[in-house]
Amino acid sequence: MTVYSGPVFDMAVNQFGVIADHLAIPADERDRILMPKRAITVSCPIHRDDGTIAVYEGYRVQHHLTLGPTKGGTRFAPSVDLGEVAALAIWMSWKCALVGLPYGGAKGGIAVDPTAISKRELEALSRRYMMEMIPFVGPHTDVMAPDMGTNEQVMAWFMDTYSMYQGRTVTEIVTGKPVASGGTLGRREATGRGVAHLARRVLKELAIALDGATAVVQGFGNVGSYAALELHRFGLKVIAVSDHTGALYSTAGLDIPALVRHASHHGSIKGYSTEMQCDPAGILTMPCDVLVPAAMERVIDGKVAQQLKCRVLAEGANGPTTPDADLVLEQRQDEVFLIPDILCNSGGVVVSYFEWVQDLQQLFWEEEEVMRREYQILDRAFDQMLMRAKVDKVSHRTAAMAIGVEKVRAAKNTRGLFP
Ligand code: NAD
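Scope of this entry: the structure provided in the associated data block. Keep in mind that this is a model prediction, so the values were computed, not measured.

## Section: the layout of surface pockets
Argument step 1. If you add up the space inside the second largest pocket, you get close to 320 Å³.
Argument step 2. Lining the second largest pocket are 13 residues, and of these Arg32, Lys37, Thr66, Lys412 and Gly416 sit closest to its centre.
Argument step 3. In the lining of the second largest pocket, the residues fall into five nonpolar, four polar and four charged.

## Here we look at the nonpolar core
A general tendency of soluble globular proteins is for nonpolar side chains to be buried together.
Argument step 1. Ranked by internal contacts, the top residues of the largest apolar core, which has 94 residues, are Trp94, Leu231 and Val290.
Argument step 2. Per-element accounting of this core gives the leading share, 14 residues, to helix α3 (residues 82–99).
Argument step 3. Each residue touching tryptophan 94, except ones within four places of it in the same chain, is listed here: Phe16, Ile33, His63, Ile342, Met401, Gly404, Val405 and Val408.

## Notes on the site of the ligand
Argument step 1. Asp147, Thr191, Asn222, His244 and Asn318 are the nearest of the 22 residues found near the ligand.
Argument step 2. Within the contact set of the ligand, an oxygen atom lies 2.9 Å away from a backbone nitrogen or oxygen of asparagine 222.
Argument step 3. Here the ligand, which alone exposes 830 Å², has 83% of that area covered by the protein.
Argument step 4. Mapped onto the shell around the ligand, the elements with two or more residues apiece are α6 (187–205), α7 (222–233) and β7 (237–243).
Argument step 5. Taken together, the residues of the shell around the ligand sort by class into seven nonpolar, 11 polar and four charged.

## Side note on the packing of helix α1 (residues 7–22) against α3
Argument step 1. As a packed pair, α1 and α3 sit with axes 7 Å apart at the nearest point and diverge in direction by 35°. Classified by chirality, the crossing of α3 by α1 is left-handed. Side by side, α1 and α3 meet where Val8, Phe9, Met11, Ala12, Gln15 and Phe16 of the first sit next to Gly83, Glu84, Ala86, Ala87, Ile90, Trp91 and Trp94 of the second.
Argument step 2. Partitioning the contact of α1 with α3 into residue classes produces 10 nonpolar, two polar and one charged.

## Considerations on the pattern of salt bridges
Argument step 1. In this structure the tally under the stated criterion is 27 salt bridges.
Argument step 2. Salt-bridge contacts for arginine 397 lead to glutamate 315; the nearest nitrogen and oxygen are separated by 2.9 Å. Note that arginine 397 is positioned in helix α14 (residues 396–415) and glutamate 315 in the loop between β11 (310–314) and α10 (323–331), a separation of 82 residues in sequence.
Argument step 3. Residues participating in the shared-partner salt-bridge network are Arg75, Glu84, Lys107, Asp147 and Glu297.

## Structural notes on the state of the cysteines
Argument step 1. For the coordinates displayed, the defined rule picks out zero disulfides.
Argument step 2. Left unpaired, cysteine 96 is separated from the closest cysteine sulfur, that of cysteine 344, by 16 Å.
Argument step 3. You can call cysteine 96 buried: its relative accessible area is 0%.
Argument step 4. Cysteine cysteine 344 remains unbridged, with the sulfur of cysteine 310 as its closest cysteine sulfur at 12 Å.
Argument step 5. You can call cysteine 344 buried: its relative accessible area is 0%.

Basis of the calculations
Residue numbering note: each chain is counted from 1, following its sequence as written. Totals for whole chains, interfaces and linings use every residue, but because this is a predicted model, local features are given only for residues with pLDDT of at least 70 and side-chain atom pairs only at 80 or more, for both listing and counting. To get the side-chain values, take all heavy atoms of the structure and skip hydrogens and water. Method remark: on a 1 Å grid restricted to protein atoms, a set of points is classed as a cavity if a 1.4 Å probe fits but cannot get out and as a pocket if it is open with protein on both sides within 12 Å along at least five of seven lines; lining residues have an atom within 4 Å of a point. Grid points are joined across faces, edges and corners, and a volume is the space filled by probe spheres set on the points. Classification used: nonpolar for Ala, Val, Leu, Ile, Met, Phe, Trp, Tyr, Cys and Pro, charged for Asp, Glu, Lys and Arg, polar for all others including Gly. For the purposes of this section, nonpolar cores are sets of buried Ala, Val, Leu, Ile, Met, Phe, Trp, Tyr and Cys residues that join through side-chain atoms within 4.5 Å. The buried label applies to any residue whose accessible area, calculated with a 1.4 Å probe on protein chains only, is under 20% of its type's maximum; exposed applies above 50%, and partly exposed to all values in between. Numbering of helices and strands runs from the N terminus; a helix is a DSSP stretch of H or I covering at least four residues, while a strand is a stretch of E covering at least two. We call two residues in contact whenever any of their non-hydrogen atoms come within 4.5 Å of each other. Near is defined per residue: the residue qualifies when any heavy atom it owns lies within 4 Å of the molecule or strand. Whenever two N or O atoms come within 3.5 Å, that pair is a polar contact, provided that in protein one can donate a hydrogen and the other can accept it, and provided that, for residues adjacent in sequence, both atoms are side-chain atoms. Using the Shrake-Rupley algorithm and a 1.4 Å probe, accessible areas are obtained, with residue cover drawn only from the displayed protein chains. The convention used is that axes are lines fitted to C-alpha atoms, helices contributing only their stretch in contact, and that angles between N-to-C directions extend from 0 to 180 degrees. In this scheme the crossing of two helices becomes right-handed for a clockwise turn of the near helix relative to the far one and left-handed for an anticlockwise turn of less than a right angle. The term salt bridge refers to a pairing of a side-chain nitrogen on Lys or Arg with a carboxyl oxygen on Asp or Glu at a separation within 4 Å. Any cysteine sulfur atom paired with another within 2.5 Å is treated as part of a disulfide.

Set out below in structure tokens:
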């Protein structure tokens, strides 16, 4: 019996099973590594602008506290439920361990469409959520960050609410804050830049020239837009992008800087062009060199995996590929080079870690230093993943997750089981 359920949680369990079998982890050790330490569910009532009261359900799942505080984003989306949040927290643990951060994974969220409420309502909801979480979080317990549907502004409200209750400014309680209130340079761009950096490395390994290579990006929010911008800067033609409002396509390559300006002004890619519109359903299977899913989970299933026509699959989103798609991709390893999510999008948590370190020390770095250190960590983890895949003769995802799970397991075993 477990309180967690749903397809995303099942997917995390399924993936862990594959890794646990590969590492031959004894059955009685598995639940201790897999099951979350803590799950918090809260009701967040707010006054709506029309004078009525609405109550939203919020969650936070802290996966393990073995290596330090937990760390993870906060998602505002209608789909959010306890199972989804738990799965995302579990993936954060493997990700942090893979890249060597002193954190366990966490994730939180509210079941709400943030575009369907006013800015004042969003602020009230963000503050109430953080207030409800105060007994359970802290700079050395659990540090929040942005995810789908939240941004720097929401992090600033979280930080302000927590600080008001402490009676002092506690910038290190969240990461992904505006630079003006204790954030770090380079955090906003970190995830997308990391995705593009690793995709470029793989293109070089495959001897595909950057200039004129093509890319397709699903999702044009924080991760997708910065990944597209960086790939465009490297000389790739970004031929298609999509978001929740539709998709755009141009064989000549889209003007990504102009599209980013449009999206930041209008909140989406809608209205940018009528001539370039295309069917969002076909975007993942378009022929291209680099495909970046950067929107949501489980968009690449077994059927889509068969139809992928990219050379590099750079997973910007968390969990975009289902376990049955993984089986297909294992067969197609020579055609599609997978950069698995826990490595590909880890630039975000790496720079969040830098932000936390800088806040704790009150000593801030230049953006070049942030980027240099980010790429150093990503490159090291990439090399380790490749080596492990080769030695163990397994897929890139299995190799990356095996490194992460192994580190969490080793920490638990050396600390022992209390009492
Ligand atoms: P965001 O809210 O900034 O952007 C999400 C984007 O996805 C938006 O453009 C939205 O329109 C689009 N989208 C939603 N539904 C869609 C659909 N059905 N088809 C196409 N596009 C759709 O979120 P984000 O922070 O960019 O996060 C995106 C993904 O990356 C999530 O899986 C998140 O967990 C993951 N991620 C984010 C970070 C980070 O630093 N923000 C770090 C690691 C992983």
